[in-house]
Amino acid sequence: MTRTTPPRPVPVEELFPKLAALRGVTTRLHPRPGRPDASVSSVGDPLLWPADEPWPMCTEPHRRSRGYRVADIRQARRLLADAWARDRPTAAEGALLTELGRRHRVPDLTDTDPIPLIGLVQLYRRDIPGLMPGPDGCDLLQVLWCPYEAHGPSRQGLALHIRWRRADQVTAALDAPPQPVLVGFEGAVPEPCVLCPEQVVTYPYAGSLPTRLGARIDAWEEAEERKAERNGREDELVTYHHDLAIPQGCRVGGFPSWHTTDPHPMTCEACAAPMELLLTVASREWDGADGSWMPVEERDIAEHLRDLTPTKLTIGRDGLLNIFACPTAPGHPHRWSVQ
Ligand SMILES: [Zn+2]
Ligand SMILES: [Zn+2]
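Conventions we followed
- Residues numbered from 1 in each chain as written.
- Chains lettered and ligands numbered in written order.
- Predicted model: local features only at pLDDT ≥ 70, side-chain atom pairs only at ≥ 80, totals over all residues.
- Heavy atoms only, no water.
- Domains from an automatic or database assignment.
- Contact = heavy atoms within 4.5 Å.
- Buried area = accessible area lost by both parts, 1.4 Å probe.
- Salt bridge = Lys/Arg side-chain N within 4 Å of Asp/Glu carboxyl O.
- Helix = DSSP H or I, 4+ residues; strand = E, 2+ residues; numbered from the N terminus.
- Nonpolar A, V, L, I, M, F, W, Y, C, P; charged D, E, K, R; others polar.
- Axes fitted to C-alpha atoms, helices over the stretch in contact; angles between N-to-C directions.
- Parallel < 35°, antiparallel > 145°, perpendicular 65-115°, else oblique.
- Left-handed = near helix turned anticlockwise from the far one by under 90°.
- Expected span 1.5 Å × (residues − 1).
- Buried < 20%, exposed > 50% of the residue type's maximum accessible area, 1.4 Å probe, protein only.
- Arc of directions from axis to C-beta.
- Donors = N, O, S within 2.8 Å, 3.2 Å for Na, K, Ca; no water.
- Tetrahedral: all angles 85-135°; square planar, octahedral: opposite > 155°, others 65-115°.
- Pairing = 2+ DSSP bridges.
- Phe/Tyr/Trp six-rings, centres within 6.5 Å; stacked < 30°, edge-to-face > 60°.
- Lys NZ or Arg CZ within 6 Å of the ring centre and 35° of its normal.

A. Seen up close, the domain arrangement of the chain. Domain parsing of the chain yields domain 1 (1–31 + 197–339) and domain 2 (33–68 + 103–195). Placing the centre of domain 1 and that of domain 2 at their C-alpha centroids yields a distance of 25 Å. Counting residues at the interface gives 30 residues for domain 1 and 32 residues for domain 2. Taking both partners together, domain 1 and domain 2 bury about 2400 Å²; carbon and sulfur atoms supply 78% of that area. It is Leu 278, Leu 313 and Trp 336 that lose the most area in domain 1 upon contact with domain 2, and together they represent 19% of the buried surface on that side. Counting across the domain 1 and domain 2 interface gives zero salt bridges. Elements that contribute at least two residues to the side of domain 1 that touches domain 2 include exactly strand 14 (276–282), strand 15 (320–325) and strand 16 (335–338). Of all the elements, strand 14 adds the most residues to the side of domain 1 that touches domain 2, at five residues. Among the residues making up the side of domain 1 that touches domain 2, the classes are represented as 20 nonpolar, eight polar and two charged.

Here it is in structure tokens:
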């Protein structure tokens, strides 16, 4: 399966030649629902995990006696996909969807019972151009999370577990990882997806550009906005942030977006080196029915069947998770931010 990003709507380096020196590369992962096995890069299950290694658990105190059943979430997704492929959900299907979307209570679960983490993504370096090396020759990156947003001082934070391993050292793989009894939100459960990596050009987030270049781009955007308003074509407006700088969706390497906070320097907690973007996991692959990041292979799919949320993950408020790595020592702890 191939996914191809269309050419950018304007030649941005012709407009702003100074951007050429700042040009970077990022690898869009283009996750799409499929049946990956543990030997390939994927979003969602299954991860390549040694049978004799304990599965990571969340033991941080927070409520885990209320939530949704994983089997219900998966059944509801299948039902919805089938219904829309046919026409739309019938009244009976609507009633079943309401039932499947119900929150459950398991009073026996205490606030510190271990919760099995859920596999978000695994990436083999051989599959993903631009994936930074792991420590000690590790070639497989695995990211898991607790299916509740209830951690840290805010009691709303994510709990991630990031694991590098050498794939050739897994001789006996775990068949079926433990499953949480309940999850805190439906978007905590990724749909298993295969990946179609594609390298594309990228430029730094607008707020991270040198001041004069940023100001020139701002002025250009304002002029474009006035032009679009005059012509009544606001929905075709191209902006540096949305269409030119950073692709939407899951990707590896390149520049982080800081659209919900101001740019925040990420430095390594072990050696103070400026960290680099390792991986972005996003709720959406593109925005809107006609997003400029929609792959060319999907332009002809009927609008109501296009799936801009193929992983079904919800990060924060339909946002994204940026995971950073230390460029000087890959074994130094990762950091992350939600945007
Ligand atoms: Zn937790
Ligand atoms: Zn470091």
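B. Region of the structure containing the packing of helix 2 (residues 70–86) against helix 3 (residues 91–100). Between helix 2 and helix 3, the shortest axis-to-axis distance is 9 Å and the interhelical angle comes to 155°. Classified by the angle their axes make, helix 2 and helix 3 are roughly antiparallel. Judged by the sense of rotation from one axis to the other, the crossing of helix 2 with helix 3 is left-handed. Contact residues: helix 2 offers Asp 72, Gln 75, Ala 76, Leu 79, Leu 80, Ala 83 and Arg 86, while helix 3 offers Glu 93, Leu 96, Leu 97 and Leu 100. Tallied by class, the residues present in the contact of helix 2 with helix 3 amount to seven nonpolar, one polar and three charged.

C. Focus on helix 2. The end-to-end C-alpha distance of helix 2 is 25 Å, a good match for the 24 Å that 17 residues give at a rise of 1.5 Å each. Those residues of helix 2 that sit buried are Val 70, Asp 72, Ile 73, Ala 76, Arg 77, Leu 79 and Ala 83. Buried residues along helix 2 sit against helix 3 and strand 6 (104–105).

D. Structural detail: helix 4 (residues 211–231). Spanning 21 residues, helix 4 covers 30 Å between terminal C-alpha atoms, matching the ideal 30 Å at 1.5 Å per step. Residues of helix 4 that are buried include every one of Leu 213, Gly 214, Ile 217, Trp 220, Glu 221 and Ala 228, and no others. With its buried residues spanning 125° around the axis, helix 4 presents them on a single face. Residues Thr 211, Arg 212 and Arg 230 are exposed on helix 4 and point more than 90 degrees away from its buried face. Structurally, helix 4 contributes buried residues whose contacts are with helix 1 (12–15) and helix 5 (240–245). Positive phi appears at Gly 232, one or two residues downstream of helix 4, with a value of about 65°.

E. Summary view of the environment of Pro 177. Structurally, the position occupied by Pro 177 is in the loop between strand 10 (160–165) and strand 11 (193–194). A sequence separation of 156 residues divides Pro 177 from Pro 333, and the C-alpha atoms of the two residues are 25 Å apart.

F. Seen up close, the coordination of the zinc ion (ligand 1). Taken together, the protein ligands of the zinc ion (ligand 1) are Cys 58 (SG), His 62 (NE2), Cys 146 (SG) and His 151 (NE2), with distances of 2.0 to 2.3 Å. Coordination at the zinc ion (ligand 1) is tetrahedral, judged from the four donor atoms that bind it and the angles of 99 to 116° they form at the metal. In the primary sequence, the donor residues of the zinc ion (ligand 1) line up as C-x3-H-x83-C-x4-H. With His 62 in the loop between strand 4 (57–58) and strand 5 (66–67) and Cys 146 in the loop between strand 9 (140–145) and strand 10, this pair connects stretches of sequence that are 84 residues apart. Here the two residues His 62 and Cys 146 agree in accessibility, since each one is buried.

G. Broad picture of the coordination of the zinc ion (ligand 2). Binding of the zinc ion (ligand 2) to the protein goes through Cys 268 (SG), Cys 271 (SG), Cys 326 (SG) and His 332 (ND1), at separations of 2.1 to 2.4 Å. If you look at the zinc ion (ligand 2), its four donor atoms make angles of 101 to 114° with each other, and the shape they trace is tetrahedral. Summarised as a motif, the one-chain spacing of the donors to the zinc ion (ligand 2) is C-x2-C-x54-C-x5-H. On the criterion of sequence distance, the pair formed by Cys 271 in the loop between strand 13 (251–252) and strand 14 and His 332 in the loop between strand 15 and strand 16 is long-range, its members being 61 residues apart. Overall, the relative accessible area of 34% leaves Cys 271 in the partly exposed class. In this structure His 332 comes out as partly exposed when scored by relative accessible area, which is 24%.

H. Up close: the sheet that holds strand 13. Read across the open sheet, the six strands follow the order 12-1-13-14-15-16; overall the sheet is antiparallel. The sheet is open, and its two edges are formed by strand 12 (198–202) and strand 16, each paired on a single side.

I. Layout of the packing of aromatic side chains. Under the criterion given, the structure shown has four aromatic pairs. Seen in terms of ring centroids, Trp 145 and Phe 185 are 5.9 Å apart; in terms of plane orientation they differ by 70°. Their pairing is edge-to-face. Within this pair, whereas Trp 145 is found in strand 9, its partner Phe 185 is found in the loop between strand 10 and strand 11, the two being separated by 40 residues in sequence. Aromatic side chains Trp 258 and Phe 324 sit 6.0 Å apart centroid to centroid with 15° between the ring planes, which places their arrangement in the stacked category. One end of the pair, Trp 258, is in the loop between strand 13 and strand 14; the other, Phe 324, is in strand 15, and 66 residues separate them in sequence. As far as burial versus exposure is concerned, Trp 258 and Phe 324 are alike and both buried. The lysine or arginine in question, Arg 126, covers the ring of Tyr 124, its NZ or CZ lying 4.2 Å from the ring centre.

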